[in-house]
Structures are given as C-alpha cells and as structure tokens.
Amino acid sequence: MTRNVWFTSDTHFGHNNIIQYCRPQFFNVYDMEQAIIERWNATVGAQDLVYHLGDFAWKTEDAKRVRPLLNGTIRLIVGNHDDIPALAAAGLFQRIYLWRQFREIGLTASHIPMRLDQLRHGSKNLHGHVHGNLEGLEEFHRDVSVESTNFTPVHFDEIAAWAKD
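Residue positions are given per chain, counting from 1 as you read along its sequence in written order. With the structure being a predicted model, the display of local features is reserved for residues of pLDDT at least 70 and the display and counting of side-chain atom pairs for 80 or more, all residues being used for whole-chain, interface and lining totals. Values reported for side chains reflect all heavy atoms of the structure, with hydrogen atoms and water molecules removed beforehand.

Here we take up helix α2 (residues 29-43). With 15 residues, α2 should cover 21 Å at 1.5 Å per step; its first-to-last C-alpha distance of 21 Å lies within 8% of that length. Close packing links the buried residues of α2 with β1 (5-8), α1 (17-22), β2 (49-52), α3 (60-66) and β3 (73-77). Nitrogen and oxygen atoms within 3.5 Å of one another constitute a polar contact, given that in protein one can donate a hydrogen and the other can accept it, and given that sequence-neighbouring residues count only through two side-chain atoms. A run of DSSP states H or I qualifies as a helix once it reaches four residues; a run of E qualifies as a strand once it reaches two. Both are numbered from the N-terminal end. Its side-chain oxygen at 3.1 Å from the backbone nitrogen of Tyr-30, Asn-28 defines the N-terminal cap of α2. Multiply 1.5 Å by the residue count of a helix minus one, and that product is the helix's expected span. Note on contacts: a residue pair qualifies if any of its non-hydrogen atoms lie within 4.5 Å across the two residues.

As structure tokens, this is what we get:
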C-alpha cells in the first residue's frame, strides 16, 4: 500500500465572508464546501497524509462537521484563524504544528509566508494565507492556498521538485 503525501491550505470551511473576499465563483458556503470536499476526495486516498497549512475552518464546530467527510490523515500547521486549544481538544488532526521543516527537500512549511532569514535547513517556504495574491512574494515562496491550486491538494513530489530547483 502506497501512502501519498499532499499539501493544501486555507479551506476556510464554514466561512461565509471568504466567498466575497476571494471566491466569487461559489454561490454559497455549501457550494464552496462541496467543491473542496469533492476535489480533496478525488485526489487524496483514505491511507494518504495531508499537511494542511492553516485556516482549516472558520469555527471548531465547522471543523468537526467537515473533517469526517475528508479522506486521509491530516496534520495541521495552524493558521491565524485556527483556534489551537479547541482544535487540539477536538482530536481532529493527527498532529498540530506551528510550522514544519522538511529538511530532506530544504523546505519550511508555514501558514504565513516567512522571510528568507527565518528559514532554517533550506531556502524554500511553502505557505498559505495569501489566497492566491502573490504580490510581494519572492521566488523562494510557494502558495498552496486553495485559490492557487484549483481547490485541490498538491502532491509532495511536485513540491519536492520545486523545492530542490
């Protein structure tokens, strides 16, 4: 059995205002959630691992409602909208990190883009938070907010190839 590893960020399940902010293609939160869930499950297998780079859901209740609908094991790198104590108590994620280093490919994963001088063990930063707005980002940044990835998780091999480039 092969276990694939995926990255995504900023699903914002249950967040009504995100549609006005940067997702005008969706009529309502239900349509947005269904699209994200369908694309996630079409990509991620039951045995797979997903690193979610923050802002999983607007409220912990939304996270509890949606998490059982998603394939795979999820490790959360917390975002600015994630309630860390409540999410930890809910037990929805295998692990919860503030950031995560992938030394083998020279990458630091975080929610908010990091400065180059903040990166250790490599010079690439995989992040979310910017919702596809790449203004001001540099070559060592890569956004995996769902708006930048057609609302679909990105495979580890694609990220590793970018990080090693």
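What follows covers the pairing of β1. Because side chains alternate across β1, one face comprises the buried residues Val-5 and Phe-7, and the other comprises Trp-6 and Thr-8, equally buried. Between any two strands, pairing holds if DSSP finds at least two bridges. The sheet contact formed by β1 and β2 spans four bridges and is parallel. Residue pairing in the sheet places Val-5 in a bridge with Leu-49 of β2. Only protein chains enter the accessibility calculation, which uses a 1.4 Å probe; a residue whose area is less than 20% of its type maximum is buried, one above 50% is exposed, and one in between is partly exposed.

With that settled, consider the sheet that holds strand β9 (residues 154-155). Here five strands make up an open sheet; going across it, the order is β4-β3-β2-β1-β9 and the pairing mixed. Two strands close off the open sheet at either side, each with one partner strand: β4 (95-97) and β9.

Here we come to the sheet that holds strand β8 (residues 141-143). The strand order β5-β6-β7-β8 describes an open sheet built from four strands, whose pairing is mixed. Either end of the sheet is taken by a strand with one partner, and the two such strands are β5 (100-102) and β8. Neighbour to neighbour, the strand axes of the sheet diverge by 20° on average, direction disregarded. Lines fitted to C-alpha atoms define the axes, with helix axes restricted to the stretch in contact, and inter-axis angles between N-to-C directions lie between 0 and 180 degrees.

The subject of this paragraph is the packing of aromatic side chains. Aromatic rings from Phe, Tyr and Trp, taking only the six-membered ring of Trp, are treated as a pair when their centres fall within 6.5 Å; an angle between ring planes under 30 degrees marks them as stacked, one over 60 as edge-to-face, and anything in between as tilted. Counted according to the given criterion, the structure contains nine aromatic pairs. Judged by centre distance (5.5 Å) and plane angle (75°), the rings of Phe-7 and Phe-102 are edge-to-face. Residue Phe-7 is located in strand β1, and its partner Phe-102 is located in strand β5; the two are separated by 95 residues in the primary sequence. Consider the rings of Phe-26 and Phe-151, whose centres lie 5.2 Å apart with planes at 85°: the pair is edge-to-face. Here Phe-26, found in the loop between α1 and α2, pairs with Phe-151, found in the loop between β8 and β9; they are 125 residues apart in sequence, far enough to count as distant. Residues Phe-26 and Phe-151 agree in their burial class; the two are buried. Members of the aromatic cluster, joined through ring pairs, are Phe-7, Tyr-51, Tyr-97, Phe-102 and Phe-156. The lysine or arginine in question, Arg-100, covers the ring of Phe-102, its NZ or CZ lying 4.2 Å from the ring centre. For a Lys NZ or an Arg CZ to count as sitting over a ring, it must be within 6 Å of the ring centre and within 35 degrees of the ring normal. The ring of Trp-162 has Lys-124 lying over it, and the distance from NZ or CZ to the ring centre is 4.8 Å.

Take the environment of Gln-34 next. Within the secondary structure layout, Gln-34 lies in helix α2. Gln-34 sits 29 residues away from Ala-63 along the chain, and the two C-alpha atoms are 14 Å apart.

With that settled, the discussion passes to the pairing of strand β7 (residues 124-127). Of the two faces of β7, the one lined by Lys-124 and Leu-126 and the one lined by Asn-125 and His-127 are each fully buried. Note: strand β6 (residues 107-109) against β7, three bridges, orientation parallel. Each bridged residue has a counterpart across the sheet, and for Thr-108 the counterpart in β7 is Asn-125. Here β7 runs beside β8; their pairing, made up of three bridges, is parallel. Bridging across to β8, Asn-125 finds its partner in His-141.

Our focus in this paragraph is the pattern of salt bridges. Think of a salt bridge as a Lys or Arg side-chain nitrogen and an Asp or Glu carboxyl oxygen that are within 4 Å of each other. Tallied over the entire structure, the rule returns five salt bridges. Where salt bridges share partners, they join Glu-33, Asp-62 and Arg-65 into one cluster.

On to the side chain of Lys-124. Of note, Lys-124 is situated in strand β7. No salt bridge forms around the buried Lys-124; measuring N to O, its nearest opposite-charge neighbour Asp-165 is 5.7 Å away. At a separation of 3.4 Å, a polar atom in the side chain of Lys-124 contacts the main-chain carbonyl oxygen of Asp-165. Discounting chain neighbours no more than four positions away, the residues touching Lys-124 are Gly-106, Leu-107, Thr-108, Leu-119, Glu-139, Phe-140, Trp-162, Ala-163 and Asp-165. Charged residues are defined narrowly, with Lys and Arg counted positive, Asp and Glu counted negative, and His plus the chain ends left uncounted.

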